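One-letter residues, chain by chain:
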Amino acid sequence: MSLALFCAALLPACGSSDDKTSTAKSVKKSHSTATATDAGDTSAAPDQSDDGDSGDGWQTIITGSWTLMPGTETYRCARVTVDRDYYVNAFEAINPQGTHHTLLTMGDADKPDGVIDCSVSELHPLEVFGSGVGTDPLTLPDGIAIHVPKGTQLLLNLHLFNTSEDVITGTSGTRIRTIPESAVTHIAEGVLAGTVNIDIPPGVTKVTTGYCTMPEDTTLIAVAPHMHQLGIYEKVTAQTAAQGDVVIHDAPYSFDYQSFHLINPAQQMAKGDKLRVDCTHMNTTPKEVTFGESSLAEMCFAGIYRYPAVGGFFICSDDLPSTPMLQ
């Protein structure tokens, strides 16, 4: 499985229902890096003036500006190296028309800060926040935060798609709310659980199942279902030795509304327990549909936040090698 597909699996959306009217254009133009302008832009600079001690206000931590010609699709990457520690308790996406998804990751600097054309696979190793169609702001429970250490480079990967007949411009990004280090009780991380083994024959409704085995004792605090346009239902079950099967999400799925839901009460998982993800797809097309990054392909994942953070590769699937693929 290519790295591009692994990385694309993290993205909470790869299009919208309006894309169906532009299928031919989207396939023809997919992954073009000649459709966005301002390569080398430095507009990704975050607002790092707030000391983060109040935990009350939103601040923009990273943005990328872009221009798209009619009927074109591309990826843009914004990089910012932060000048202090952040303990992030809440996230909000800045996603104007033309933003199909955002994925914020962090790691060591691999390129200079700024905004450039890129590909779907250009990511840092650790997930921070992803957004897609209909993603609401996410506030983690009190005392729980994602730690972005001083000197870390944030990388915001933007999937941009102009389905209109007009040139559009915008600025996409991520806003955060922080809490002081003294208020932090747990450091959390984002992980994507599920499977890449998807094969849906034409005209068939099929349930695909994936598993994620917990590498350590952990607590699940939020879940977000993720499929593409053929997804109609998702069920996520914690299979535990202590409690048996505990359903943490069980609901119809809409491609146009993909958001995180807090798990209340938080779900305790022991090392070796499994998270089971059941995805129901209805293939209304005349062709077989398999796993892929395009909104015309399919996925079966549940985005989760958990603590404590253990690091490592952020795709958790028993179908994949356990060795990090980003090295």
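Here the structure is shown first, and the text comes after it.
The text that follows walks through the structure, step by step, so that each part is easy to find. (Residues numbered from 1 in each chain as written. Predicted model: local features only at pLDDT ≥ 70, side-chain atom pairs only at ≥ 80, totals over all residues. Heavy atoms only, no water.)

Moving on: the packing of aromatic side chains. A complete count under the given rule lists 4 aromatic pairs for this structure. Residues Phe91 and Phe129 carry aromatic rings whose centres are separated by 4.9 Å and whose planes lie at 5° to one another, so their mutual orientation is stacked. Of the two residues, Phe91 is situated in strand 3 (residues 86–94) and Phe129 in strand 6 (residues 126–131); the sequence distance between them amounts to 38 residues. Counting every residue linked through ring pairs, the aromatic cluster contains Phe91, Phe129, Phe260 and Tyr305. (Phe/Tyr/Trp six-rings, centres within 6.5 Å; stacked < 30°, edge-to-face > 60°. Helix = DSSP H or I, 4+ residues; strand = E, 2+ residues; numbered from the N terminus.)

Here we come to the sheet that holds strand 14 (residues 205–213). What the 4 strands build is an open sheet, ordered 14-19-16-17; its pairing is antiparallel. Unpaired on one side and paired on the other, strand 14 and strand 17 (244–252) mark the two borders of the sheet. Looking at each pair of strands side by side, their axes are set apart by 15° on average, direction ignored. Both strand 16 (residues 231–240) and strand 17 contribute to a ladder of 8 bridges, which runs antiparallel. Bridge assignment links Ala238 to a residue of strand 17, and that residue is Val246. (Pairing = 2+ DSSP bridges. Axes fitted to C-alpha atoms, helices over the stretch in contact; angles between N-to-C directions.)

Judged from the 9 bridges that link them, strand 1 (residues 59–68) and strand 10 (residues 168–178) form a sheet pairing that is antiparallel. Paired with Trp66 across the two strands is Gly170, which belongs to strand 10. Of the strand pairs in this sheet, strand 3 and strand 10 are connected by 6 bridges, and their pairing is antiparallel. Directly across from Val88, in strand 10, lies its bridge partner Thr178.

A cluster of nonpolar side chains, namely Ile232, Tyr233 and Met282, defines an oily patch on the protein surface of about 230 Å² accessible area. Considering the arrangement of structural elements, one finds Tyr233 in strand 16. Taking the relative accessible area as the measure of exposure, Tyr233 reaches 31% and is therefore partly exposed. (Patch = residues over 30% accessible without salt bridge, like charges linked within 9 Å, V, L, I, M, F, W, Y side chains within 5 Å. Areas by Shrake-Rupley, 256 points an atom, 1.4 Å probe, with all protein chains shown as cover. Salt bridge = Lys/Arg side-chain N within 4 Å of Asp/Glu carboxyl O. Buried < 20%, exposed > 50% of the residue type's maximum accessible area, 1.4 Å probe, protein only.)

With respect to the helices and strands, Asp199 occurs in strand 13 (residues 199–200). With relative accessibility at 35%, the residue Asp199 sits in the partly exposed group. Note: C-alpha distance between Asp199 and Glu298 (99 residues apart in sequence) is 8.9 Å. The contact partners of Asp199, leaving out residues within four places of it in the chain, are Lys206, Glu288, Val289 and Thr290. (Contact = heavy atoms within 4.5 Å.)

Bringing unusual backbone geometry into the picture now. Look at the link from Asn264 to Pro265: it is a cis peptide, with omega at 0°. Mapped onto the elements of the fold, Pro265 is located in strand 18 (residues 261–269). Following Tyr307, the chain continues into Pro308 via a peptide bond in cis, with omega recorded as 0°. Take Pro308: it is sitting in the loop between strand 21 (300–307) and strand 22 (315–316).

As a further point, take the sheet that holds strand 22. Across the sheet, 5 strands lie side by side as 18-15-21-12-22; this open sheet has mixed pairing. The outermost strands of the open sheet, each flanked by one partner alone, are strand 18 and strand 22.

We now examine the state of the cysteines. Counted by the stated rule, this structure contains 3 disulfides. Covalent S-S linkage joins Cys77 and Cys118, the inter-sulfur distance amounting to 2.2 Å. Looking along the S-S bond of the Cys77-Cys118 disulfide, the torsion reads about 80°, which is the right-handed sense. Of the two residues, Cys77 sits in strand 2 (residues 73–81) while Cys118 sits in strand 5 (residues 114–118), which places them 41 residues apart along the sequence. Pair check on accessibility: Cys77 and Cys118 agree, each one buried. In this model, Cys279 is linked to Cys300 through a disulfide, with the two sulfur atoms separated by 2.1 Å. Measuring the twist about the S-S bond at about 90°, one finds the Cys279-Cys300 disulfide to be right-handed. (Disulfide = S-S within 2.5 Å.)

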